[in-house]
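Descriptive analysis of the structure
Now for the letters of each chain:
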Amino acid sequence: MIPGNQTTVTHFILLGLTDVAEVQLTLFFVVSLFYLTTLIGNISIFIIIKWDRSLHIPMYFFLWNLSILDILYSSVAVPKMITDFLVLEKKISFGGCISQIHFFHFFGSTEVVLLTAMSYDRYVAISKPLRYTIVMNRKVCLGLAMFSWMTGFFHSLLHTLMTAKLPFCGPNLVNHFFCDIKPLLKLACTDTFVNLKLLNIVTGTLATSCLMFTFLSYAFISRFILKIRNSGGRKNALSTCTAHLTVVFIHFGTAIFCYLRPTKLDSLDQDKAAAVLFSVITPALNPLIYTLRNKDMKRAIKRFIKRFSL
């Protein structure tokens, strides 16, 4: 076995979700529909927020970033997943595999941090409504967004470099529909204890600290909501928080399920099911969650349709 980052493996074969042809054809149409919904929904949010000046406030600046992330995040694995349903050999190059790992974890961890920043934004909006635009000024919003993107990038870069330097000398069958760290570590021709520990510790620390900060923000938010005497104001505050909390539970729940459980021989099939949730389904649901429960977005959509339908 050659040490370092040399490898005799030039490509990997993805096993995908299933090898049953009839099921693959059904999944092709279902996943394609979800991906199309992701693109249409998030691009629509992106355009409407940029177009409607009434939405040029911190809350929608973060939602604008989230829509970009959902498009990028889903596009890392889903387009290839769709095309792989139509071919017999689901091949991916070594470089392509490492790139998938990097960008999947880059956009995924960025979204985790961004959702945490959005919880702080909701706290300021509800606890300090008169000073909201002063506290959450342009500099603060840009700083939080940049921090989210940079944290995601360096978190991903660490795992990418640690995985890329492993020797792979066969077999090259990846038990997943895209290249992820855990299934790839099973194929390494060396001990991967350090990599698994790093995955659990670093990713675990990032996910749990963001989750705790989010819950802490909502603990303070709940105190202020209880003080609101106007039932309409309380309902409006709850509606914006409910949309965000729904996305938080889905995203954090699946991330913790996939990356903080002990790796077992039969756990990768469960990981594939969870990966479908946060790479295919969640990015398609996010626009619906934020628009259906948000009066400002619904009004902006109506104005947009009215403006361009004339």
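Above this text is the structure in question.
What comes next is a walk through the structure. (Residues numbered from 1 in each chain as written. Predicted model: local features only at pLDDT ≥ 70, side-chain atom pairs only at ≥ 80, totals over all residues. Heavy atoms only, no water.)

Let's talk about the pairing of strand β1 (residues 11-14)
Here is the rule we go by: DSSP calls a pair of strands paired once it identifies at least 2 bridges connecting them. For helices the rule is a DSSP run of H or I covering at least 4 residues; for strands it is a run of E covering at least 2, with both sets numbered from the N terminus onward.
Taken together, the 3 bridges between β1 and strand β2 (residues 91-93) define a ladder with antiparallel strand orientation. For H11, the partnering residue across the bridge sits in β2 and is S93.

Structural notes on the packing of aromatic side chains
Defined as follows: For this analysis, a ring pair means two rings from Phe, Tyr or Trp (six-membered ring only for Trp) whose centres lie within 6.5 Å, classed as stacked if their planes differ by under 30 degrees, edge-to-face if by over 60, and tilted for the remaining angles. For every residue, the accessible area (1.4 Å probe, protein chains only) is compared with the maximum for its type, and the residue is labelled buried under 20%, exposed over 50%, or partly exposed between those bounds. A positively charged side chain is recorded as over a ring if its NZ (Lys) or CZ (Arg) lies within 6 Å of the ring centre. The angle to the ring normal must also be within 35 degrees.
Evaluated as defined, the whole model comprises 25 aromatic pairs. Consider the rings of F106 and F107, whose centres lie 4.9 Å apart with planes at 25°: the pair is stacked. For the pair formed by F106 and F107, the shared burial category is buried. Plain terms: the ring middles of F106 and F153 are 5.6 Å apart, the flat faces sit at 80° to each other, and that makes the pair edge-to-face. In this pair, F106 sits in helix α3 (residues 94-127) while F153 sits in helix α5 (residues 138-164), placing the two residues 47 residues apart along the sequence. Overall, the relative accessible area of 12% leaves F106 in the buried class. Taken together, F103, F106, F107, W149, F153 and F154 form an aromatic cluster joined through their ring pairs. Its guanidinium or amino end placed over the ring of F308, R307 lies 5.1 Å from that ring's centre, counting from NZ or CZ.

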